[in-house]
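# What the coordinates show
Listed below, chain by chain, are the residues.
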Amino acid sequence: MDKLTLYGQEFSSRLLLGTASYPSLQTLRDAVNIASPAMLTVALRRQGIMKASDGQGVWSLLSEIGIPLLPNTAGCQSVQEAVTTAQMAREIFNTDWIKLELIGDDDTLQPDVFQLVEAADILIRDGFKVLPYCSEDLIACRRLLDVGCKALMPWASPIGSALGVVHEYALRILRERLPETILIVDAGLGLPSHAAQVMEWGFDGVLLNSAVAYSGNPVQMANAFAMAVRAGRLAFVSSPVAPRRQARASTTTIGQPFWHGDEY
C-alpha cells in the first residue's frame, strides 16, 4: 500500500534501474525480472545498439518487458543539448518522462546546477515530467522546485564510484528541509546497505545502474538491492527507535528476585 507517487502516477516499487553496461541482454532481462523496478532508465544513444545474436536489440527487449521507461539526457553539457535530446527521446520512446542530466565536470560527472535549472524550466513548460539529476545542495534543489520539478534526484557520490553517501550531513539536511518533496537518491551507491541506509533516512527511492550491471552477478545483486530498498523503507515507516548514549534495559526490573546480605 506504500506506493511511490511521481507526477501523480503511482508505482509499486521504489527502485529505479538503469539499463547500460550489462554483460548481455539476457542478464539485463533477468535482473529486471527479479528486481521489478518502477522504471527503467535508457539513454537515447542506446536505442538500436548492443544487438543480441538473434537480432533483438535493447529497444525490443525494453518494449517486451513492459516496464515504464525513463529516458535520460546522459552526457549533455549544455542547455540546448539537453533540451534537444529530451525532445528527441520523447519522439522515439513515446513518453514525456525525462531524467534530466546536465554535466558540469568531466572528471566527477557533477551536475551543473545552474544550467540544470534553466533546462528544467524549458522542459517543464514544454510538458515534460522532469526528474533532474542534481547535487545535494539545498538552494539548488529549491530552485528546481521553483521552476516546477515535482521530484528531485540528488547524488550520493559521483556516478559509478560505489562510494555510498559521501556528504551525509548535506543529504540528511536536504531530506529534513524538503519533507514534502519526493527525493530519489541517484548515483554513487555501491552496496545494498547503502540503499537501505538512505531509505531508512526517509528518502523515497533509489536509482541504480553501475552497482548492479558491473557486479559479478548482476541478477543476484539486483535482487539484493530490491530487498534492501524494501527493508529500508519498511524500517523508516515503522518509526525506528532513536539512538541514545545510555543503555536502556529491555527487560523490566519489576518482580526481579534480589538478595540481602551474603547469606542464602
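A brief look at the structure comes next. (Residues numbered from 1 in each chain as written. Predicted model: local features only at pLDDT ≥ 70, side-chain atom pairs only at ≥ 80, totals over all residues. Heavy atoms only, no water.)

Moving on: helix α2 (residues 58-65). By the burial criterion, the buried members of α2 are Val 58, Leu 61, Leu 62 and Ile 65. Considered in projection along α2, the buried side chains sweep an arc of 95 degrees and stay on one side of the axis. Contacts made by the buried residues of α2 are with α1 (25-35), β4 (39-43) and β5 (69-72). (Buried < 20%, exposed > 50% of the residue type's maximum accessible area, 1.4 Å probe, protein only. Helix = DSSP H or I, 4+ residues; strand = E, 2+ residues; numbered from the N terminus. Arc of directions from axis to C-beta. Contact = heavy atoms within 4.5 Å.)

This next bit is on the packing of α1 against helix α9 (residues 218-237). Their axes nearest at 8 Å, the elements α1 and α9 cross at an angle of 20 degrees. Comparing their axes, α9 and α1 come out roughly parallel. For α1 against α9, the interelement crossing comes out right-handed. Judged by residue contacts, Thr 27, Asp 30, Ala 31, Ile 34 and Ala 35 of α1 engage Pro 218, Val 219, Ala 222, Asn 223 and Ala 226 from α9. Looking at the contact of α1 with α9 residue by residue, the class counts come to 7 nonpolar, 2 polar and 1 charged. (Axes fitted to C-alpha atoms, helices over the stretch in contact; angles between N-to-C directions. Parallel < 35°, antiparallel > 145°, perpendicular 65-115°, else oblique. Left-handed = near helix turned anticlockwise from the far one by under 90°. Nonpolar A, V, L, I, M, F, W, Y, C, P; charged D, E, K, R; others polar.)

Here α1 crosses α2 at 20 degrees, and the two axes come no closer than 11 Å. As judged from the angle between their axes, α1 and α2 are roughly parallel. You can see that α1 and α2 cross each other, and the crossing is right-handed. Judged by residue contacts, Leu 25, Leu 28, Arg 29 and Val 32 of α1 engage Val 58, Leu 61, Glu 64 and Ile 65 from α2. Looking at the contact of α1 with α2 residue by residue, the classes come out as 6 nonpolar, no polar and 2 charged.

Note on helix geometry: an α-helix contains 3.6 residues per turn, so any two residues three or four positions apart are oriented the same way. Taking 1.5 Å of rise per residue, the 15 residues of helix α3 (residues 79-93) would be expected to cover 21 Å, and the 21 Å separating its terminal C-alpha atoms lies within 8% of that figure. All buried positions along α3 are accounted for by Val 79, Ala 82, Val 83, Thr 85, Ala 86, Ala 89 and Phe 93. Viewed along the axis of α3, the buried residues span an arc of 165 degrees, placing them on a single side of the element. The outward face of α3, more than 90 degrees from its buried face, is lined by the exposed residues Gln 80 and Glu 91. Where α3 is buried, its residues meet β4, α2, β5, β6 (97-100) and α4 (113-125). Just downstream of α3, Asn 94 is the residue with a positive phi angle, here 55 degrees. (Expected span 1.5 Å × (residues − 1).)

For the coordinates displayed, the defined rule picks out 2 aromatic pairs. Measuring from centroid to centroid gives 5.8 Å for Tyr 7 and Trp 97, while their planes differ by 90 degrees, and the two rings are edge-to-face. Note that Tyr 7 is positioned in the loop between β1 (4-6) and β2 (9-11) and Trp 97 in strand β6, a separation of 90 residues in sequence. Between Phe 11 and Trp 97 the ring centres are 6.1 Å apart and the planes differ by 80 degrees, which places this aromatic pair in the edge-to-face class. Linking Phe 11 in strand β2 with Trp 97 in strand β6, this pair joins segments that are 86 residues apart in sequence. A single burial state applies to Phe 11 and to Trp 97, both of which are buried. Every member of this aromatic cluster is reached through a ring pair, and the members are Tyr 7, Phe 11 and Trp 97. The ring of Tyr 133 has Lys 99 lying over it, and the distance from NZ or CZ to the ring centre is 5.7 Å. The positively charged end of Arg 175 is found above the aromatic ring belonging to Phe 203, 5.7 Å away from the centroid. (Phe/Tyr/Trp six-rings, centres within 6.5 Å; stacked < 30°, edge-to-face > 60°. Lys NZ or Arg CZ within 6 Å of the ring centre and 35° of its normal.)

Burial of strand β9 (residues 182-186) is extensive: 5 of the 5 residues sit out of reach of the surface. Residue alternation in β9 divides its side chains into two sets, Ile 182, Ile 184 and Asp 186 and Leu 183 and Val 185, and both sets are buried. Sheet analysis places strand β8 (residues 151-154) next to β9, joined by 2 bridges and oriented parallel. Paired with Ala 151 across the two strands is Ile 182, which belongs to β9. Running through helix α6 (residues 168-177), the crossover from β8 to the neighbouring parallel element β9 is right-handed. By the bridge criterion, 3 bridges tie β9 to strand β10 (residues 205-208) in an arrangement that is parallel. Counted as the bridge partner of Val 185 is Val 206 from β10. Read from β9 through helix α7 (residues 192-200) to β10, the crossover connection turns out right-handed. (Pairing = 2+ DSSP bridges. Right-handed = clockwise from strand over helix to strand, strands pointing away.)

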